[in-house]
Every structure is written in structure tokens, then in C-alpha cells.
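Summary of structural features
The lines below spell out each chain.
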Amino acid sequence: MSNTKNTQESQGSQKSQDSQNSGKTNDNRKADSRPKPMEVLRQARGQLAELTGMEAESVSSFEQTEEGWALEVEVLELERVPDTMSLMASYQVELDAEGQLTGYRRVRRYERGRSDARRPGGR
């Protein structure tokens, strides 16, 4: 009888541990379901290209925010010859925590061969 009682107690203890581990597994799944930074970059580039019809050439800024992600993406807006005269644009792109694009706007337009003007006293 004592073996039966010990077996029942150990089974009850095992069920308790299983339910605790199940909660931990669900927490891990939630954490694992968040996209990794490289996945977010790929999604952002693809979604922006689909919306604007312009392919992203590079990502010049990328950061995680409280709401999700914020990026600045460089795109070729108008191809010219020579290539240094092509018109480029920087787009500010915002994504939610799952990596879905929630908004974008063009913040700058420039010729590919031109650098930003230096600010007085700047380096």
C-alpha cells in the first residue's frame, strides 16, 4: 500500500511540474514568435517595395522602439546615366512588434553622387 501511495504522490507531483513547464513553454513560444532583427529587415524591405514599387538598396538606420521597429531605408527613385546622377531617397519606415509595416514617409531626396552638406563646426 505504501508503494501505491508513493506512486500516486509522485504522479501528482509530476503533473504539477508538467503544468509549470507548460507555462514556461508557452512563454518561450511567445518570445520565439517575435521576429528576429534580420527577419524584420527583410519584411520591411519587401513590404516597402510592394507599396512603392521601388526596391530598397540599403538600410541606413534600424532600431527597436516601444511600438515595434523604426528603419530608414535608401531606395533608387530615378535611374540616370551616369549612375552618380541617379535620384535616391531615404524613407522612414515604421513596423509593429510582429514586423508588419504600419507607416512610411520620404524624408530626403538626393543625387547618388552627392554627400550630405557639412554643418559648420561639425566633423
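Residues numbered from 1 in each chain as written. Predicted model: local features only at pLDDT ≥ 70, side-chain atom pairs only at ≥ 80, totals over all residues. Heavy atoms only, no water.

**A look at the sheet that holds strand β2 (residues 68-78)**
To keep things clear, this is the line we draw: One bridge is not enough; two strands pair if DSSP finds at least two bridges between them. Numbering goes from the N terminus for both helices and strands, where a helix is a DSSP run of H or I of at least four residues and a strand is a run of E of at least two. Axis definition: a line fitted to C-alpha atoms, over the contacting stretch in the case of helices. Angles run 0 to 180 degrees between N-to-C directions. A contact between two residues is defined here by any heavy atoms of the two lying within 4.5 Å.
Strand order in the open sheet made by the four strands is β1-β2-β3-β4, with antiparallel pairing throughout. Of all the strands in the sheet, the pair left with one neighbour each is β1 (56-64) and β4 (101-111). Going across the sheet, the axis of each strand differs from the next one's by a mean of 20 degrees, ignoring polarity. Helix-sheet contacts for helix α2 (residues 37-52) involve β1, β2, β3 (87-96) and β4, and the interaxial angle to β1 is about 130 degrees.

**Regarding the pattern of salt bridges**
Note the cut-off: Any carboxyl oxygen of Asp or Glu within 4 Å of a side-chain nitrogen of Lys or Arg constitutes a salt bridge here. Relative accessibility decides the category of a residue: with a 1.4 Å probe and only protein chains considered, values under 20% of the type maximum give buried, values over 50% give exposed, and everything between is partly exposed.
For the structure on display, the rule yields five salt bridges. Taking the shortest distance from any N to any O, the salt bridge between R106 and E77 comes out at 3.0 Å. With R106 in strand β4 and E77 in strand β2, this residue pair connects regions lying 29 residues apart in the sequence. A salt bridge links R109 to E77, with the shortest nitrogen-to-oxygen separation between them at 2.6 Å. With R109 in strand β4 and E77 in strand β2, the pair connects residues that are 32 residues apart, well separated along the chain. When its relative accessible area of 47% is taken as the criterion, R109 is described as partly exposed. Using a relative accessible area of 18% as the deciding quantity, one classes E77 as buried. Salt bridges linked by common partners bring E57, D83 and R112 together as one network.

**Describing the nonpolar core**
Which entries qualify depends on this criterion: Buried Ala, Val, Leu, Ile, Met, Phe, Trp, Tyr and Cys residues form a nonpolar core when they are joined through side-chain atoms within 4.5 Å.
If you look at the biggest cluster of nonpolar residues, it comprises 15 residues, and the most contacted ones within it are L48, L71, V73, V75, Y91, V93 and L95. When residues of this core are traced back to their parent elements, those giving at least two are α2, β2 and β3. Beyond its immediate stretch of four places on either side in the chain, L71 contacts L41, A44, V59, S61, F62, Y91, Q92, V93 and L95.

**Notes on the environment of R45**
Filter applied, for reference: In protein, a polar contact means a hydrogen-donor-capable atom and an acceptor-capable atom, both N or O and within 3.5 Å, with residues adjacent in sequence counting only if both atoms are side-chain atoms; elsewhere, any N or O pair within 3.5 Å suffices.
The topology assignment puts R45 in helix α2. Considering only alpha carbons, one finds R45 and E74, 29 residues apart in sequence, at a separation of 9.8 Å. Setting aside chain neighbours within four positions, we find R45 in contact with A56, E57, S58 and V59. Polar contacts involving the side chain of R45 include one to the main-chain carbonyl oxygen of A56, which spans 2.8 Å.

**What to know about α2**
Heads up, the condition is: By this rule, a helix spans an expected 1.5 Å times one less than how many residues it contains.
For α2, with 16 residues, the first-to-last C-alpha span of 22 Å sits near the 22 Å given by 1.5 Å per residue. Residues V40, L41, A44, Q47, L48 and A49 constitute the buried set of α2. Residues of α2 that are buried make contact with β1, β2, β3 and β4.

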